[in-house]
Structure formats: structure tokens, C-alpha cells
Amino acid sequence: MYAIGGLALGRELWSAGSKSCASCHGEPEKLRGTAARYPGFDQGLLDLPGRIQRCRVRHQQLPAWAPEAEPLLALTALVAQQSQGLPLAPPRGPELDAAARRGQQLYMTRVGALNLSCTQCHDERPGQRLGGSLIPQGHVDDYPVYRLEWQSLGSLQRRLRGCLNGVRATVWNWDSAELMALEVYLARRSAGMPMQAPGVRP
């Protein structure tokens, strides 16, 4: 399965190059608990893929990967796996609190040609089906996930952009303030749930 292959690639990349992840962090197991504390704030809002990108650019002095690049997802899955079983514990602070409030507002706002909000599916109709797919409760304890629909690993931002496209709304840019705000809010909705990344979904 791709999720297993992605983890294998993540371990290979972890030790690759003269300025590898391992040269700073040691074995990936030493990052246990790290993924449970994202998104965070460090000179701006950062999710886990964003943190990995920043390390790659600033410390390894390598070009950033494209959004959803296989190596980025593989490393994200590897780091996230180290926190399996730990409760999601997103941090707090003025900037994150403001982002959570904005994310909640976005979550409840109807958008697109179908005039739907996140809450209408994930709060009012979880367990029902939409287009043959089971509607989840909007928890984010298992990202990145392998989706049968994608036949690959994918990030939470990919899922959110897919939802926007599905309701025929304007799709926000990768790492936009809107997507980051929704990530912060969704992490808080999922706080306390045990992490199970990388997950598998239809």
C-alpha cells in the first residue's frame, strides 16, 4: 500500500544528503509528540508540511518542494507516525487563537454554487453519504492520509481544497491564510483524539 511505501521513502529521505534530517534530529523516533502540536506559530502559521519545507529551505539550503510532492508527503507521514497514539494537543497563543476564530467562521460560512458550509456536512450529517462516500465528522487525527480516491497520500490542505472544488467555490491557494485558519480550527476540534497518522480513507 502507498502509505507503507511512503513511510519507507520517508525513512530513506530522512538520512539522505550531507545536511540530512538525521544530522540535526537524530532518529525520527526522537520526534515523538512533535506532530501532535501542529499547526503552530513560528514567524507565521505553520502546519507540519510547512515546518518540513522551512527546514529544507533554511537549514538544508535546498529548494522547496511543490505542494503534495511525494518526498514532502513521505517525510510528513514519517514524522506524524512517531506520534501515533498520543493525543492531539494543538498549541495556543494570540495568533493561533485569532486563526482558530477565523477558521471557525470559515467552517460555518456557506460558499460556492451549492451554497454549503463545512458544518452542514460534518456536524449535521456525519455518518450519512454524499456521492456514495461516508461523511466523516471533520476530525484531522490521521493526516496525511492515503485516500483510495487519490491512490496516493495527501495532505489536509488537499482535502480542504477538494471540498471547496466539490461545492463549486473558489479554491484557496496552497498555504493561504484561509486554509491555515481552517487547519488550526480543525486541530482544536480534534484535540485530545489519539493520532493515527498516516491514515487510510475511501
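See the structure shown above.
Residues numbered from 1 in each chain as written. Predicted model: local features only at pLDDT ≥ 70, side-chain atom pairs only at ≥ 80, totals over all residues. Heavy atoms only, no water.

Draft legend 1. Region of the structure containing the pattern of salt bridges. Under the counting rule described, the total for this entry stands at 11 salt bridges. Of the charged contacts in the structure, one is a salt bridge between Glu-29 and Arg-11, with a shortest N-O distance of 2.5 Å. Taken together, the residues span a long stretch of sequence, with Glu-29 in the loop between helix H2 (21-25) and strand E1 (40-41) and Arg-11 in helix H1 (residues 2-14) at a distance of 18 residues. Exposure remark for Glu-29: the relative accessible area of 40% places this residue in the partly exposed category. The partner of Glu-149 in a salt bridge is Arg-147, with the nearest N and O atoms 2.8 Å apart. The exposed category is assigned to Glu-149, whose relative accessible area is 53%. Salt bridges sharing partners connect three or more residues here, namely Asp-42, Arg-51 and Arg-54. (Salt bridge = Lys/Arg side-chain N within 4 Å of Asp/Glu carboxyl O. Helix = DSSP H or I, 4+ residues; strand = E, 2+ residues; numbered from the N terminus. Buried < 20%, exposed > 50% of the residue type's maximum accessible area, 1.4 Å probe, protein only.)

Draft legend 2. View of the sheet that holds strand E5 (residues 145-147). Spatially, E6-E5-E7 is the arrangement adopted by the 3 strands of the open sheet, whose pairing is mixed. Across the chains shown, the open sheet's two edge strands, defined by having one partner strand only, are strand E6 (152-154) and strand E7 (199-201). Strand-to-strand twist of the sheet, defined as the mean angle between neighbouring strand axes without regard to direction, takes the value 35°. Relative to E6, E5 runs antiparallel, the two being bridged by 3 bridges. Directly across from Tyr-146, in E6, lies its bridge partner Leu-153. (Pairing = 2+ DSSP bridges. Axes fitted to C-alpha atoms, helices over the stretch in contact; angles between N-to-C directions.)

Draft legend 3. Unusual backbone geometry, seen in detail. Here Tyr-38 and Pro-39 are connected by a cis peptide whose omega angle stands at 0°. If you trace the backbone, Pro-39 turns up in the loop between H2 and E1. Backbone torsion omega between Ala-197 and Pro-198 reads -5°, so that peptide bond is classified as cis. Locating Pro-198 in the fold gives a position in the loop between helix H8 (177-189) and E7.

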